Structures are given as C-alpha cells and as structure tokens.
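Working through the structure, step by step
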2 protein chains.
Amino acid sequence: MTSPISFTFRATTTGQARLGTLSTPHGVVDTPQFMPVGTQATVKSLTPGDLRTAGAQMILANTYHLSLRPGHERIARLGGLHRFMGWDGPILTDSGGFQVFSLGHLRQVDEEGVTFTSHLDGSPQRLTPERAIEIQEALGSDVAMAFDQLVDPALPGPAVREAMERTHRWAARCLAARTRDDQALFGIIQGGVDERLRRHSAAAIAALPFDGLAIGGLSVGESKADMTRTLDVVADALADDVRVRYLMGVGSPLDFFDAVERGVDLFDCVLPTRVARNGQLWTSEGKLNLRNARFLDEAGPIDPACGCEACRNHSRAYVAHLFRAEELLAYRLASLHNLTYTLTLMRQIRSALADGSFASVREGVTAHYGDRRDGVR
Amino acid sequence: MTSPISFTFRATTTGQARLGTLSTPHGVVDTPQFMPVGTQATVKSLTPGDLRTAGAQMILANTYHLSLRPGHERIARLGGLHRFMGWDGPILTDSGGFQVFSLGHLRQVDEEGVTFTSHLDGSPQRLTPERAIEIQEALGSDVAMAFDQLVDPALPGPAVREAMERTHRWAARCLAARTRDDQALFGIIQGGVDERLRRHSAAAIAALPFDGLAIGGLSVGESKADMTRTLDVVADALADDVRVRYLMGVGSPLDFFDAVERGVDLFDCVLPTRVARNGQLWTSEGKLNLRNARFLDEAGPIDPACGCEACRNHSRAYVAHLFRAEELLAYRLASLHNLTYTLTLMRQIRSALADGSFASVREGVTAHYGDRRDGVR
C-alpha cells in the first residue's frame, strides 16, 4: 500500500532536531508541530475558525469518546469526522488505548483485546486492535493510531514487558486490519522508562510498515529525567528512520524543546486548554493564574506579546473577573490564548531550527518557565 | 441639562409603531431594537465581536451584579464599563431594582431604599435611588435607569399602588441625584396590570424630565392578555410623548410584534441566550430543542435561512452532539444563533414598518411561533 502521507525533513544543527513537512489527505503540516486536542470532536469552547486563527494546522480527536458518543457509525453516516466537526484540515485520532486504561472502569485485558465499562453509562464495552481500526476508519481521520496497552511505568518490570510485547502483537494486527488507503497508521512504541525495553520496542515497532512512529507511555507521571533519558534511547534506536515521529501527550513549553532536539516532530496535549479553563495562562512572561486577586486590577493584556483576540481586546482585569464570575467567556478566551501561545511557540521553534537560534529561544522560555520560575504567579 | 441622547422617529402605518433612530454618546441605534443582556459585563459565552456580527447595536448590563462583583469603583478605575468589557457601542444599565427584588434575599424596603443580602456571599447590601445613580455613573453607561420598586402584579391592589407611588418618589430622587451630562436617565412606569394605576404611573413618570421612558413590571408572569392590555393603556397615556420607549424584560418573537405596534422602541431579555444554553433554538421554522434525539442524525444546519457561524459551519447533528456531551461550544453556538435570529427579526420588523409589510411578516412568524405551534419541536 502506498502511504497516504508523506514526510520530508532536513536535519538541523540542533541535536537530532528535524525541520519538516507532513503532507496528509487534508493538507500540509509544518513540523515540529503541536496538535490541539478535540476530545469529543471539539476543542473545548473553540470553533474551527478559532483554531485556524490560533495557528493550528492539525488536530487530534478521541476514538474512545467518539465511539461511545455520538457513535462512529453516526459520524460516518454524517460524512465523516472532518465534516462532522467542521474542520477541513488534517486530523489524527488516537486508538482509544490511553483512554481505556485511564478512564475505563473494571477493565480486563486478554490477548484478544480489552473489556471495560463506559465511563458514561457503565455499559460493557470491548475494544480490540481490529475494532480500534474499524472505528478510526469510520471516523475517517488522516492518521489513525495503533491500539496499544498502556501501563504505569512504575509497575514491576515484567508487567511493563508483558504490556509492551502485547502492544507489538496488537500493532501487527492493526496493520493487518486496515482497509482504507487514504488513512495513515502510526505504530506506538512502549516499554515504560526501562532503557532495554524501550530500545527493544522502538526496533520492533520500526520494523513494521507503519506510516509514522509514536512514542507512547510517557508524560504519565514519570520524572523529567526519566522522560528525557527515554527520548534519548528512542532517538538513538530510530536514528536512521525517516518516518515522522510523534510524542503522545506532551506537553508544556519546556518539554517541547527537550523533545524537539531529540527528533520529535509532532505533539499533542490537553494541558494548554485544560489549565486555561482553570485560569492558568501561558505568556511570554511565564504562567499567570488569573484567579489571583491582584489581576482584578490589572488594566494590561494577558500577554503584551500576543496578538490573540483575548489579548487584543481585553484586560487581565476583565478576564480575571470572568473567572471569578464563572462566566463561559473566561474558558473560551483563556483557551484561545493558551493555544495561540503554544502554536506560536512551535512556530518560533521552527524558525529557530531554521536559523540556528534554538538555544537562545529556549533560554528565553526557560527564564520564565524554568525550574526556579516554575511557580505560577 | 441638555439630553445626552436624541431620539427621532417617524410614525408608521402600523398601529402606534414608530421607526426611529436613537443617538447616544457611543453610537446610533436603529429602533425598534433588541438589546442582548450582558448581566456580568459579558453576554454569556460571546465576545463583543460576536455581538457585532450577530447585529447587536446596543447591549444591557446589570448594576446589581456589577456593583457586587467586580465592583463599580473597580470598573471606574479601569476606565469604565465600555473599556472593561471591550464593547464600544451604546450600553444601557438597569438600576438593580429588578435584581434586588428577584435575586436579593431577606430584603427590607423602607422609604429611603432597600436593604438586602448579596446572593453571592450573604453580605448585607443597601440600594437607594441615589446609590443606584452613583453606581451607574461609575459604570459610565450611555443610559442609566431609575431605581424602582417592583412587585408581583398579582399582589393585592394596595401593595401594587404603594410600590408604584414609591417608584414615583424614587424617580424624582434619581433625577436629583444625577451629575453626569453624558449619561441619559430613563424613568420606569410601574402599576402592575391595573389599568388605572398604569395610566396614573405613565402620566407621573412622563411628567418628569427623563430622557426616555421605560415600562417595567411586565413579563413577570402575567398573562399575555394582561400584558397587551397594559401596553395599550401605556401607549394611550403616552400618545403625545416623543421620547424613546423601552419595554423591560421582553421578549419572545411574537411579543416583539405585539409591543412594536403599541409604540415600543427598545427591548431587552435574557430569553434568547438563556433558552439557547438549554438547547432551545429559535429558527425560521420555529423552536427546536436540540436535546431531542432525532437531531443527532440531521445533517442540515440549525436554520437554513440563517447566516450565523453556527448555521454556516455546523449541522444540527453536531450541535446536538455538543449539547449531549455538555461541551462549552454548544452554549456558544446556540447563543450566537439565537441572538442572530432575534436581531435579524428586529431588522425585519424595521423593514416591514418601512414598507408596510408588518402584518405579513408577523403572520409568517406566527405560523411558526403562534399558540398552536408554541410547542418546541
């Protein structure tokens, strides 16, 4: 099968960082790139127009959630996920693996798949590699993800190994199950934070004819040192692989720099929008918590360096008031701002990779987001 | 004092309907006109840009809410309400009278004013005519409202009369208290649904040098017949009065026709946005309740006759899904649509007054919103 996507990149002077272009059936994505998360076919509070304005090129939606509600068959009948949510750009769907293991109740894993109960109504549900592909094909995303078994990396080695090996067997079944030639399929590397397992998993997944490679099982509570060490191992194992690489569930501003220099091309994370709804705003001056009383009297914008609608038209005082009053507009303006910040940061990273200024851009961000400044103001 | 607003109108061939222009310090308003309600300095879920796009020319904000949170002195320090909420068009503030009597707890009325406890934190609060003017002057709205005493029109006659008479005495005190020459002040006619009291109140309020006249105490549970009869009485009493007339807290699509032909120029109501957040959409085909399961499979727009962002970009199925999933975007798209519908209807009413087609436009709306069709689909 010819790959429905193509990825070209050039090496940079920054570690293993790559500057690239991912072409998908619904358009082109500049990499490194961040994908906003539209769990239930909507990035919470925002329209597709907002996402474009914020700079989004590709977004993520969730197989687990959409299969339960409104149902993937329904979305297929309505013309597919792009039409359903009114987003005509590239979409990546996760396979449901992460959600089954983080949201599903009473889950039972066997070699065939996973049985669990819906977090919505307690109804019994079953997800297998074949079923995960079937759902994603019904949704019609540009990129589907293989169905993997996630485990807590803090579990004893044998448990991590067993899940990894099952993930590899499921990966082959996902490849065998696919029928659409207009949807890419990415494999997922597991193995926790055990170097040997990670190296083994990277080789095993890379040996399969996936269109892209994802690094799963990170950003689930491990230390920063464990994450970067694991990324080093994977980068080393994939050194000669030219496929696009996607680090799942990351991240925060500094994580992007750590991962990009280790060869990561794609990111997704709920963090920018989730913390936004709690009043945490990411700015060129660091994190602000607009729930703090002092912002109620600040007439300036959330971020003087930002051109989003929230920063152009409104003061910190106003948005802080909206949070206190629990007004819906608070969540919307904060989400729009944090996505604009994140996507602008990714653009700055791409520019920095092009002109060799990665270290100094990183230094500027570290000054406001580094360990000693990590407290939210 | 020269009035800070001017109102010109021409009579029409439709009852006592007037087609006019209200000029305020922050811009011109075509009448008849509907003012979206931004209780806490935000029309829930929408930006000022959305309001403009929906066709809003003038909006309403609430003295009671804003004085409690974030505080009118704070808003004044931040440059006034227009700058605070990022809306540079005309704003009308109510006086807090309605909220004190509908939201305040443990209220006690004396001749001086009202003592009540905040619905937010139970703290003791006091509102008097002078204080209501002081707050509104701090907010800096284009139009302030006199502080009135609202009573349930179903109360015994003497209670309605007493509140009306106190409203008249408070009206004079509001006029005496004003100090800004760039803020209009409207008087409020009370008197429940008692014809004699209404006639008396209309004459008493109209005798005072207000910049405009409001009809209060309606749309609080009285029958439709009581409302139109009361509007007839007021229209008759004000027949020769050239000031702008504002019917507070109305309304629904058919109410507009009933009131416009009785000489009403301005309306406000939370209804379009409040019902929107519950999934009730107003369309050219009548009311739809998007929480009904059948909409989950309808690929067409909410209203094929509407050009709002929700109708241009999204299907009924998608918005119905958003409501089921309790997604923030549901409330936003539905609010935008219902305001677009309401403001477009007001524009159609103005056109119809200009070209004599009021009756046929009304007939078209009645076919979908009339008694026999009042059920929400």
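Quick notes on the rules
- Residues numbered from 1 in each chain as written.
- Chains lettered and ligands numbered in written order.
- Predicted model: local features only at pLDDT ≥ 70, side-chain atom pairs only at ≥ 80, totals over all residues.
- Helix = DSSP H or I, 4+ residues; strand = E, 2+ residues; numbered from the N terminus.
- Rg over C-alpha atoms; globule rule 2.2 N^0.38 Å.
- Buried ≥ 20, exposed ≤ 12 C-beta atoms within 10 Å, placed from the backbone.
- Contact = placed C-beta atoms within 7 Å.
- Domains from an automatic or database assignment.
- Pairing = 2+ DSSP bridges.
- Right-handed = clockwise from strand over helix to strand, strands pointing away.
- Nonpolar A, V, L, I, M, F, W, Y, C, P; charged D, E, K, R; others polar.
- Axes fitted to C-alpha atoms, helices over the stretch in contact; angles between N-to-C directions.
- Left-handed = near helix turned anticlockwise from the far one by under 90°.
- Core = buried A, V, L, I, M, F, W, Y, C linked by C-beta atoms within 7 Å.
- Parallel < 35°, antiparallel > 145°, perpendicular 65-115°, else oblique.
- Least-squares fit on C-alpha atoms with pLDDT ≥ 70 in both.

This part is about the overall build of chain A. Assigned secondary structure in chain A consists of 15 helices and 17 strands. In terms of overall size, chain A behaves like a compact globule, its C-alpha atoms giving a radius of gyration of 20 Å where 377 residues would be expected to give roughly 21 Å. Taken over 377 residues, chain A has a buried fraction of 56%. Look at the contacts in chain A between residues 6 or more apart in sequence, and 67% of them connect residues 24 or more apart.

Residues and elements named next belong to chain B. The buried fraction of helix α6 (residues 129-139) is high, at nine of eleven residues. Residues of α6 that are buried: Pro129, Arg131, Ala132, Ile133, Ile135, Gln136, Glu137, Ala138 and Leu139. Of the residues trailing α6, Gly140 is marked for its positive phi of about 80°.

Let us look at the domain arrangement of chain A. Residues and elements named next belong to chain A. Under the domain assignment used here, chain A contains domain 1 (6-269) and domain 2 (276-373). Contacts between the two partners involve 22 residues from domain 1, matched on the other side by 25 residues from domain 2. The set of elements that each furnish at least two residues to the side of domain 1 that touches domain 2 consists of β4 (33-35), α1 (48-54) and α10 (253-260). For the side of domain 1 that touches domain 2, the leading source of residues is α10, giving five residues.

Residue and element names in this part refer to chain B. Side-chain alternation along strand β6 (residues 59-62) places Ile59 and Ala61 on one buried face and Leu60 and Asn62 on a second face that is also buried. Pairing analysis gives two bridges linking strand β5 (residues 37-38) to β6, with the strands arranged parallel. When the sheet's bridge partners are listed, Val37 is paired in β6 with Leu60. In this fold, the crossover linking β5 to β6 by way of helix α1 (residues 48-54) has right-handed handedness. For β6 and strand β7 (residues 91-94), the ladder comprises four bridges, and the chain directions are parallel. Across the sheet, Leu60 pairs through a bridge with Leu92, a residue of β7.

It is worth spelling out the environment of Asn313 of chain B at this point. For Asn313 of chain B, the location among the structural elements is in helix α12 (residues 309-313). On the basis of neighbour counts, which here come to 16 C-beta atoms within 10 Å, the residue Asn313 of chain B falls in the partly exposed class. Between the C-alpha atoms of Asn313 of chain B and Pro301 of chain B, which are twelve residues apart in sequence, the distance is 8.0 Å. Residues contacting Asn313 of chain B, with those up to four places away along its chain left out, are Pro48 and Gly86 of chain A.

At the interface, 33 residues of chain B touch 33 residues of chain A. Mapped onto the side of chain B that touches chain A, the elements with two or more residues apiece are α4 (81-85), α12, α13 (316-324) and α14 (328-355) of chain B. Among the residues making up the side of chain B that touches chain A, the classes are represented as 16 nonpolar, nine polar and eight charged.

Residues and elements named next belong to chain B. Put simply, helix α8 (residues 195-206) and helix α9 (residues 224-237) touch, their axes get as near as 9 Å, and they point 35° apart. Note on packing geometry: the crossing formed by α8 with α9 is right-handed. Residues Glu195, Arg198, Arg199, Ala202 and Ala203 of α8 pack against Thr230, Val233, Val234 and Ala237 of α9. Within the contact of α8 with α9, the residues separate by chemical class into five nonpolar, one polar and three charged.

Another point: the nonpolar core. Counting residues in each nonpolar core, the largest one holds 246 residues, and the members touching the most others are Ile59, Phe186 and Val319 of chain A together with Ile59, Phe186 and Val319 of chain B. Once residues lying within four places of it in the same chain are set aside, the contact partners of Ile59 of chain A are Met35, Pro36, Gly38, Val43, Leu51, Trp87 and Ile91 of chain A.

Once that is clear, we can look at the packing of helix α10 (residues 253-260) of chain B against α14 of chain B. Residue and element names in this part refer to chain B. At a closest axis distance of 11 Å, the pairing of α10 and α14 adopts a crossing angle of 30°. Judged on the interaxial angle alone, α14 and α10 are roughly parallel. Considering how the two elements wind past one another, α10 and α14 form a crossing that is right-handed. Along its contact with α10, which presents Pro253, Phe256 and Val260, the element α14 presents Leu345, Met346 and Ile349.

In this section: the relation of the copies chain B and chain A. It takes a turn of 180° to lay chain B on chain A, together with a shift of 0.0 Å along the axis; the resulting RMSD is 0.0 Å. As the rotation angle and translation indicate, the two copies are arranged about a two-fold axis. Every residue of chain B has its C-alpha some distance from the rotation axis, and the shortest such distance is that of Leu328 of chain B, at 3.7 Å. The residues that chain B uses at the interface reappear at the interface of chain A in 100% of cases, marking a shared surface.

Now for the sheet that holds strand β3 (residues 27-31) of chain B. All names here are of chain B. Taken in spatial order, the three strands of this open sheet run β1-β2-β3, and their pairing is antiparallel. Both outer strands of the open sheet, β1 (6-11) and β3, are each paired with one neighbouring strand and no more. Sheet twist, expressed as the mean angle between neighbouring strand axes with direction ignored, is 15°. The pairing of strand β2 (residues 18-24) with β3 spans five bridges and is antiparallel. Each bridged residue has a counterpart across the sheet, and for Leu22 the counterpart in β3 is Val29.

This paragraph deals with the sheet that holds strand β1 (residues 6-11) of chain A. Residue and element names in this part refer to chain A. Strand order in the open sheet made by the three strands is β1-β2-β3, with antiparallel pairing throughout. One side of each edge strand has no neighbouring strand; the edge strands of this open sheet are β1 and β3 (27-31). The average angle at which neighbouring strand axes cross in this sheet is 15°, direction not considered. As judged from the six bridges shared by β1 and strand β2 (residues 18-24), these two strands associate in the antiparallel manner. By the bridge assignment for β2, Ser6 is matched with Ser23.

Residue and element names in this part refer to chain B. Turning to its location among the elements, Phe147 is positioned in the loop between β11 (143-145) and α7 (157-177). On the basis of neighbour counts, which here come to 29 C-beta atoms within 10 Å, the residue Phe147 falls in the buried class. On a C-alpha basis, the gap between Phe147 and Ile133 in space is 7.9 Å, while along the polypeptide they are 14 residues apart. With residues up to four places along the chain from it excluded, the contact list for Phe147 reads Ser95, Gly96, Gly97, Leu127, Pro129, Ala132, Trp170 and Cys174.

All names here are of chain B. Judged by which residues are buried, strand β9 (residues 114-117) turns out to be one-sided: Val114 and Phe116 face inward and are buried, whereas Thr115 and Thr117, on the alternate face, are not. As defined by bridge partners, strand β8 (residues 105-109) adjoins β9 across three bridges and the pair is classed as antiparallel. Within the sheet, the bridge partner assigned to Gln108 lies in β9 and is Thr115. In this antiparallel pair of consecutive strands, β8 and β9, the connection spans four residues. Strand direction decides the pairing type here: β9 and strand β10 (residues 124-127), joined by four bridges, are antiparallel. Its bridge partner lying in β10, Phe116 is registered against Gln125. Taking the residues between adjacent antiparallel strands as the criterion, β9 and β10 are bridged by six residues, where Gly122 takes a positive phi near 75°.

A separate point is the environment of Gln16 of chain A. All names here are of chain A. Turning to its location among the elements, Gln16 is positioned in the loop between β1 and β2. The partly exposed category is assigned to Gln16, around which 18 C-beta atoms lie within 10 Å. In the structure, Gln16 is positioned 246 residues away from Arg262 in sequence and 5.2 Å away in space, judged by C-alpha atoms. For Gln16, the residues in contact, after removing those within four places along its chain, are Ala235, Glu261, Arg262 and Gly263.

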